[in-house]
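Residue-level structural notes
Chain by chain, the residues:
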Amino acid sequence: MMVSHERRVLFVHVQKTGGSTIDRMLEEAIPDVAYLQGLRGGRHARLAPALKAHPELKEYFIFGFVRNPWARMYSWYAMMRRAEVQAAEGNQKAAKQLAKNRLWKRVLPNYPDFESFVLRGPDEQRELRRAQITYLRGQGRRADFIGRQENFDADLQKVWERIGLEWPGESLKVNTGPTSDYRQHYTDEMRDKVAEVFAKDLKRFKYEF
């Protein structure tokens, strides 16, 4: 979660929605932007506890992005496995991520494949079943703008215009995920499990498999 008091803007970073790109672009465009400190969840903190700790931020422009839950789950798992391989190959950045990320340390040894991650993971790991909308509302407030990862550049350009920044023409490409179609990695049972877990997001954002 990043904040600029100069621009009066708060960015809520939902996992696997392009947030690392937005973080980097905010840092390049706004001199005073910084991570909001002291919140559980760190850079992926939810809006409700942020506003409870900092009620003055209710007056800021608040935005975040969401993503098709099936694509998001696949991207999440692929990222963790990719980091595991990179760490084994000697990549120090990946090794540090594996060492400090508590969720990754629970996921990687317990879910040997994507199927087990989908079918068991959300029941056993709270972070994996949290609806995206819950990151973006709380304390009588909700994000002013919720973009979609599937329409990333066009939606982010709207944010840039809203906070008075010159759009650079296209977004940066940071932490790009798998290029394969997420659908090919799902069985019917896995598809239905994600639909059950993220029913709130599907209803709110009208996503389909």
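Everything here concerns the structure above.
Residues numbered from 1 in each chain as written. Predicted model: local features only at pLDDT ≥ 70, side-chain atom pairs only at ≥ 80, totals over all residues. Heavy atoms only, no water.

**Considering helix H10 (residues 188-197)**
Along H10, the residues that are buried comprise Met190, Lys193 and Val194. End-on view of H10: buried residues confined to an arc of 95°, all on one side of the axis. For H10, the exposed residues lying more than 90 degrees away from the buried face are Asp188, Glu189 and Glu196. As for H10, its buried residues are in contact with helix H3 (69-88), helix H6 (114-119) and helix H7 (121-124). (Buried < 20%, exposed > 50% of the residue type's maximum accessible area, 1.4 Å probe, protein only. Helix = DSSP H or I, 4+ residues; strand = E, 2+ residues; numbered from the N terminus. Arc of directions from axis to C-beta. Contact = heavy atoms within 4.5 Å.)

**A few points about helix H5 (residues 102-110)**
Those residues of H5 not exposed but buried are Leu103, Trp104, Val107 and Leu108. Down the axis of H5, the smallest arc covering the buried residues is 110°, so these residues share one side. Counted as exposed and oriented over 90 degrees from the buried face of H5: Arg102 and Pro109. For H5, the side-chain oxygen to backbone nitrogen distance between the N-cap and leucine 103 is 3.1 Å, and the N-cap itself is asparagine 101. (Polar contact = N/O pair within 3.5 Å; in protein donor to acceptor, adjacent residues only side chain to side chain.)

**Regarding the pairing of strand S2 (residues 9-12)**
Of the two faces of S2, the one holding Val9 and Phe11 and the one holding Leu10 and Val12 are both buried throughout. Bridging between strand S1 (residues 2-4) and S2 involves three bridges; their strand directions are antiparallel. Within S2, the position partnered with methionine 2 by the bridge is phenylalanine 11. Where S1 hands over to S2, the hairpin turn is made up of four residues, of which arginine 8 adopts a positive phi near 55°. Examined bridge by bridge, S2 and strand S4 (residues 61-66) share four bridges and lie parallel to one another. In the sheet register, valine 9 faces S4, and the bridge partner there is phenylalanine 61. (Pairing = 2+ DSSP bridges.)

**Observations concerning the nonpolar core**
Counting residues in each nonpolar core, the largest one holds 52 residues, and the members touching the most others are Phe117 and Tyr186. With 11 residues, the single largest contributor to this core is H3. Those residues within four positions of phenylalanine 117 in sequence are excluded, and the remaining contacts are Met73, Tyr77, Met80, Val107, Tyr111, Pro122 and Leu128. Counting 19 residues, the second largest nonpolar core, distinct from the first, contains Met25, Phe63, Leu165 and Trp167. (Core = buried A, V, L, I, M, F, W, Y, C linked by side-chain atoms within 4.5 Å.)

**Side note on the packing of aromatic side chains**
With the rule as written, the count across this model stands at 14 aromatic pairs. Here the aromatic rings of tyrosine 182 and tyrosine 186 are separated by 6.4 Å at their centres, their planes lie at 90°, and the arrangement is edge-to-face. With relative accessibility at 11%, the residue tyrosine 182 sits in the buried group. Ring centres of tyrosine 186 and phenylalanine 209 lie 5.6 Å apart, and the angle between their planes is 85°; on these two criteria the pair is classed as edge-to-face. Highlighted residues: tyrosine 186 in the loop between helix H9 (152-162) and H10 and phenylalanine 209 in the segment after helix H11 (199-205), separated in sequence by 23 residues. By relative accessible area, phenylalanine 209 is classed as partly exposed at 28%. Ring-pair connections join several aromatic residues into one group, and the members of that group are Trp70, Tyr74, Tyr77, Tyr111, Phe114, Phe117, Tyr182, Tyr186 and Phe209. One cation-aromatic arrangement involves arginine 148 over tyrosine 207; the distance from NZ or CZ to the ring centre is 4.8 Å. (Phe/Tyr/Trp six-rings, centres within 6.5 Å; stacked < 30°, edge-to-face > 60°. Lys NZ or Arg CZ within 6 Å of the ring centre and 35° of its normal.)

**Points about the environment of isoleucine 30**
Within the element layout of this structure, isoleucine 30 appears in the loop between helix H1 (19-29) and strand S3 (34-35). Given a relative accessible area of 1%, isoleucine 30 falls into the buried group. Setting aside residues up to four positions removed in sequence, isoleucine 30 forms contacts with Ser4, Arg7, Val9, Ile163 and Leu165.

**Quick notes on the pattern of salt bridges**
Applying the stated rule across the entire model yields 10 salt bridges. A salt bridge links arginine 106 to glutamate 127, with the shortest nitrogen-to-oxygen separation between them at 2.7 Å. Taken together, the residues span a long stretch of sequence, with arginine 106 in helix H5 and glutamate 127 in helix H8 (residues 126-129) at a distance of 21 residues. Of the residues examined, arginine 106 reaches a relative accessible area of 30% and is grouped as partly exposed. (Salt bridge = Lys/Arg side-chain N within 4 Å of Asp/Glu carboxyl O.)

**What to know about a positive patch on the surface**
A contiguous patch of positive charge on the surface is contributed by Arg137, Arg142, Lys200, Lys203, Arg204 and Lys206. If one sorts the elements of the positive patch by residue count, H11 sits on top with three residues. By the element assignment, lysine 206 lies in the segment after H11. (Patch = residues over 30% accessible without salt bridge, like charges linked within 9 Å, V, L, I, M, F, W, Y side chains within 5 Å. Areas by Shrake-Rupley, 256 points an atom, 1.4 Å probe, with all protein chains shown as cover. Lys, Arg positive; Asp, Glu negative; His and termini not counted. Charge placed at Lys NZ, Arg CZ, Asp CG, Glu CD.)

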